[in-house]
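Notes for the structure review
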Amino acid sequence: MRRYRLSICLAVVGLAMSLGYSTSQAQGLPGACAVGLNIHPGAWILLHRHPIARCTSNGGCKCVSCYNFNGSVSAVCYPLVAPIPGPGR
């Protein structure tokens, strides 16, 4: 009986944590960020069909987009140290 209660408790805690995480991502809480790794050269980061950042490196980028405390969104792309491997490289 104890194992059953423990497993139910862990399932409820896990569900609550995953629900809290998904709603925080959906609501755009300040400080919430998304990181895109291996962004291809020339790729744009869009928000509601408007460009907010672009990968200008020849070897690919790592892009970070964050909700700011005033409700706006900022994004920046950093060049990768090594190019993205792919066909023909």
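Above this note sits the structure.
What you are looking at is a predicted structure, and each value in this text was computed from that prediction instead of being measured. The numbers attached to residues start from 1 for each chain and follow its sequence in the written order. Reporting of local features is limited, given that this is a predicted model, to residues whose pLDDT is at least 70; pairs of side-chain atoms are given and counted only at 80 or more, and all residues count toward the totals for whole chains, interfaces and linings. Computation of side-chain values covers all heavy atoms of the structure but excludes hydrogens and water.

Before going further, it helps to spend a moment on the side chain of Ser57. Inspection of the secondary structure puts Ser57 in the loop between β3 (50–54) and β4 (61–67). A polar atom in the side chain of Ser57 sits 3.2 Å from the backbone nitrogen of Gly59. Polar contacts, as used here, are pairs of N or O atoms within 3.5 Å; protein pairs need one atom able to donate a hydrogen and one able to accept it. Residues neighboring in sequence count only if both atoms are side-chain atoms. A polar contact is formed between the side chain of Ser57 and the backbone oxygen of Gly60, at a distance of 3.4 Å. Not counting residues up to four positions away in its chain, the partners in contact with Ser57 are Pro41 and Pro79. We count a stretch as a helix when DSSP gives it H or I for four or more residues in a row; a strand needs E for two or more, and each element gets its number in order from the N terminus. Two residues form a contact once any of their heavy atoms are found within 4.5 Å.

On to the state of the cysteines, then. Criterion for a disulfide: a pair of cysteine sulfur atoms at a distance within 2.5 Å. Enumeration according to the criterion identifies 3 disulfides in this entry. At a sulfur-sulfur separation of 1.9 Å, the disulfide partner of Cys33 is Cys66. Across the S-S bond of Cys33 and Cys66 the torsion is about 110°, and the bridge reads as right-handed. Within this pair, whereas Cys33 is found in strand β1 (residues 33–39), its partner Cys66 is found in strand β4, the two being separated by 33 residues in sequence. Through a disulfide, Cys63 is tied to Cys77; the S-S separation comes to 2.1 Å. Taking the sign of the torsion about the S-S bond as the criterion, the disulfide between Cys63 and Cys77, at about 105°, is right-handed. Of this pair, Cys63 sits in strand β4 while Cys77 sits in strand β5 (residues 73–79), and the two are 14 residues apart along the sequence. Across this residue pair, the class does not change: Cys63 and Cys77 are buried. Along the protein chain, the cysteines that take part in disulfide bonds pair up as 1-5, 2-3, 4-6, counted in sequence order. Residue burial is assigned from relative accessible area. The probe radius is 1.4 Å, only protein chains are included, and a residue is buried under 20% of its type maximum, exposed over 50%, and partly exposed in between.

For two strands to pair, DSSP has to find at least two bridges joining them. The antiparallel open sheet is built from 3 strands, whose spatial order is β1-β4-β5. The open sheet terminates on both sides in strands that have one partner only, identified here as β1 and β5. With direction set aside, neighbouring strand axes in the sheet form an average angle of 15°. Relative to β4, β1 runs antiparallel, the two being bridged by 5 bridges. Bridging from a neighbouring strand, Val35 pairs with Val64 of β4. Axis definition: a line fitted to C-alpha atoms, over the contacting stretch in the case of helices. Angles run 0 to 180 degrees between N-to-C directions.

For the rest of this paragraph, the subject is the nonpolar core. Formed by Ile39, Ile45, Ala53, Cys55, Cys61, Cys63 and Cys77, the largest nonpolar core amounts to 7 residues. If sequence neighbours within four positions are ignored, Cys61 has contacts with Gly36, Leu37, Asn38, Ile39, Cys55, Thr56, Cys77, Tyr78, Pro79 and Leu80. Within this scheme, the nonpolar core is defined by two criteria: the residues are buried Ala, Val, Leu, Ile, Met, Phe, Trp, Tyr or Cys, and they are joined through side-chain atoms within 4.5 Å.

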